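Topology and contacts: notes
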Amino acid sequence: RPAPALAALSIAAQQAKQQAPEASAAPPMPASLIVDAGFSATHVVPIFGSAALNYGIKRLGLGGKLLTNHLKQVISYRAYNVMEETHLINDVKERLCYVSLDFDADLALTRFRGKKNTIRREFVMPDYVNSMRGTIRDPNAPAEPAAAPAAAGGGAREEG
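None of these values were measured; they are calculated from a predicted model.

About the criteria used
All chains use their own residue numbering, which begins from 1 and follows the written sequence. At least 70 in pLDDT is required for a residue's local features to be given in this predicted model, at least 80 for side-chain atom pairs to be given and counted, and no such filter applies to totals for whole chains, interfaces and linings, which use all residues. No hydrogens and no water enter the side-chain calculation; it runs on all heavy atoms of the structure. Runs of H or I in DSSP of at least four residues are treated as helices and runs of E of at least two as strands, each being numbered from the N terminus. Partly exposed residues are those whose accessible area sits between 20% and 50% of the maximum for their type, while under 20% is buried and over 50% is exposed, using a 1.4 Å probe and protein chains only. Contacts are assigned to residue pairs that have any heavy atoms within 4.5 Å of one another. Confidence per residue, as judged by the predictor, is encoded in pLDDT with a range of 0 to 100. Where helices are involved, their axes are fitted lines through C-alpha atoms of the stretch in contact, as for all axes, and angles between N-to-C directions lie from 0 to 180°. Our angle categories are set so that under 35 degrees counts as roughly parallel, over 145 as roughly antiparallel, 65 to 115 as roughly perpendicular, and the remainder as oblique. Charged means Asp, Glu, Lys or Arg here, nonpolar means Ala, Val, Leu, Ile, Met, Phe, Trp, Tyr, Cys or Pro, and polar covers whatever is left, Gly included.

**Some points on the overall build of the chain**
When you go through the chain residue by residue, the secondary structure sums to four helices and six strands. When the elements of the chain are put in sequence order from the N terminus, they spell out α-β-β-β-β-α-α-α-β-β. Within the chain, the proportion of its 160 residues that are buried is 14%. Taking the contacts inside the chain whose residues are at least 6 apart along the sequence as the reference set, 29% of them involve residues at least 24 apart.

**Some words on unusual backbone geometry**
Notably, Ser-50 is not glycine yet its phi reads approximately 65°, a positive angle. Positioned with a positive phi, Tyr-128 is a non-glycine residue whose angle comes to about 60°. Turning to its location among the elements, Tyr-128 is positioned in the loop between strand S5 (122-124) and strand S6 (135-137). Accessibility expressed as a relative area gives 37% for Tyr-128, which makes it partly exposed.

**Considerations on the confidence of the model for the chain**
A residue-level look at the chain finds 71% of positions with pLDDT of 70 or above and a mean pLDDT of 79. Per-element confidence in the chain is highest for strand S4 (residues 58-60), whose mean pLDDT is 94, and lowest for helix H1 (residues 4-19), whose mean pLDDT is 57. Under a pLDDT of 50 for its full length, residues 147-160 has, in the predicted model, zero contacts with residues more than four places off or in other chains.

**Regarding the packing of helix H2 (residues 64-78) against helix H3 (residues 86-96)**
Geometrically, a packed helix pair is captured by the angle between its two axes and the distance between the axes. Look at H2 against H3: their axes get within 9 Å of each other, and the N-to-C directions meet at 105°. One element, H2, and the other, H3, form an angle in the roughly perpendicular class. Here H2 contributes Gly-64, Leu-67, Thr-68, Leu-71, Lys-72 and Ile-75 to the contact with H3, which in turn contributes Thr-86, Ile-89, Asn-90 and Lys-93. Along the lines of polarity and charge, the residues of the contact of H2 with H3 split into four nonpolar, four polar and two charged.

Written out as structure tokens, the structure reads:
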């Protein structure tokens with residue numbers, strides 16, 4: 001069974017052939033690269049002219065599980081012991097990690113402090129009483145106003 005990205009590519013190629021039956025009228029297909037990052041492995045498939053190049057397909061033994069375990073080790077070393085909290089670290093990874101389209105520019109941006117750093121986010125851990133999921137907070141956003149104190153003499157009322 002082909003990977004979902006490859007299946008979509010073959011369907012798109014079939015539709016393109018049906019819409020443009022003349023080979024000379026169809027524009028040349030560009031080359032592309034599909035990277036399918038899975039749980040335990042990552043597959044890399046080069047595409048040229050709407051066909052996968054079999055000799056270039058690679059399987060890397062690097063997947064989401066390895067990244068989650070690495071994040072657990074880094075966080076446990078620096079802050080909290082989260083080695084048994086796989087579901088929490090997986091949630092952090094899925095909500096905060098991303099693939100940079102311009103790695104050098106994003107790396108330079110992370111060196112700034114304050115409002116110039118638009119990438120930095122804070123993950124607030126869940127307390128498992130009021131919230132079961134952690135929340136993401138932008139450190140540059142204005143602070144939320146504190147809850148209004150109760151009105152003077154607003155304690156329990158006595159019925160009489």
